[in-house]
Amino acid sequence: MAPPGWMTPAQHAVVPPFFPDYSKYQASKKLYKFWPLVYEAWFHAFPEEAQLGIDKATATVEELDALRRATEKRKGQLQIWFRNQRAKTARAAGHTTTLSNTTLTSALFTGKSKRSRIHKPIEAWYLIQDLI
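Bear in mind the structure is a predicted one, so any value in this text is a computation, not a measurement.

Peer 1: Outline a nonpolar patch on the surface, listing residues and values.
Peer 2: A surface patch of nonpolar side chains, about 370 Å² in accessible area, is lined by Ile122, Trp125 and Tyr126. Relative to the assigned elements, Tyr126 resides in helix H7 (residues 121–131).

In structure tokens, the structure reads:
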């Protein structure tokens, strides 16, 4: 059985509305424009300062460093969550193929494999001998 997720139900309610945008930005290879939107919504709803009990106005250097590390960790968790959700939907839709399956299919229907290279002279000689 899988371990429980790191998100609470309230936190889980914040991220799914962004998933269609994630797919759109990922397809256009512009995720760098997507992440600030998610981070703004997430950290507005669930500030790390409140979870760590830190007041930014009176925080020490160590507390600010802990806050920075917690924020970076949360950003990484969010990125992994979106990546995993994308993989789940792709598997459910049947969009996964294996390289060997693709290569075999290509070789069967086109007569040549997906990858090809020029044979060395000795290899060409053996191929000619097999044909004779």
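Having seen the structure, we can now continue with the description.
Peer 1: Lay out the packing of aromatic side chains in plain terms, naming residues and giving numbers.
Peer 2: Given two aromatic rings, their pairing is described by the distance between the two centres and the angle made by the two planes. The full count for this structure, using the stated rule, is 14 aromatic pairs. Centroid distance Tyr25 to Phe34: 5.8 Å. Interplanar angle 40°. Geometry classified as tilted. Of the two residues, Tyr25 and Phe34, both sit in the buried class. An angle of 20° between the planes, with centres 5.9 Å apart, marks the rings of Trp35 and Tyr39 as stacked. A residue pair is termed a helical-turn pair when its members lie 3 or 4 positions apart in one helix, as Trp35 and Tyr39 do in helix H3 (residues 31–45) at 4 residues. For Tyr39, a relative accessible area of 12% gives the class buried. An aromatic cluster of at least three residues, connected via ring pairs, comprises Phe18, Phe19, Tyr22, Tyr25, Phe34, Trp35, Tyr39, Phe43, Trp81 and Phe82.

Peer 1: Give me the nonpolar core: which residues, what numbers.
Peer 2: Counting residues in each nonpolar core, the largest one holds 17 residues, and the members touching the most others are Val15, Phe34, Trp42 and Phe82. Residue assignment for this core shows that the elements contributing at least two residues are helix H2 (19–27), H3 and helix H5 (61–93). Here this core gets 6 residues from one element, more than from any other, and that element is H3. Once residues within four sequence positions are removed from consideration, Trp42 is found in contact with Trp6, Met7, Gln11, Val14, Val15, Glu48, Arg74 and Leu78.

Peer 1: Can you explain the environment of Ala59? Please cite residues and give values.
Peer 2: Along the chain, the position of Ala59 falls in the loop between helix H4 (48–52) and H5. Other than its neighbours up to four places away in sequence, Ala59 contacts Ile54 and Leu64.

How each quantity is defined
- Residues numbered from 1 in each chain as written.
- Predicted model: local features only at pLDDT ≥ 70, side-chain atom pairs only at ≥ 80, totals over all residues.
- Heavy atoms only, no water.
- Patch = residues over 30% accessible without salt bridge, like charges linked within 9 Å, V, L, I, M, F, W, Y side chains within 5 Å.
- Areas by Shrake-Rupley, 256 points an atom, 1.4 Å probe, with all protein chains shown as cover.
- Salt bridge = Lys/Arg side-chain N within 4 Å of Asp/Glu carboxyl O.
- Helix = DSSP H or I, 4+ residues; strand = E, 2+ residues; numbered from the N terminus.
- Phe/Tyr/Trp six-rings, centres within 6.5 Å; stacked < 30°, edge-to-face > 60°.
- Buried < 20%, exposed > 50% of the residue type's maximum accessible area, 1.4 Å probe, protein only.
- Core = buried A, V, L, I, M, F, W, Y, C linked by side-chain atoms within 4.5 Å.
- Contact = heavy atoms within 4.5 Å.

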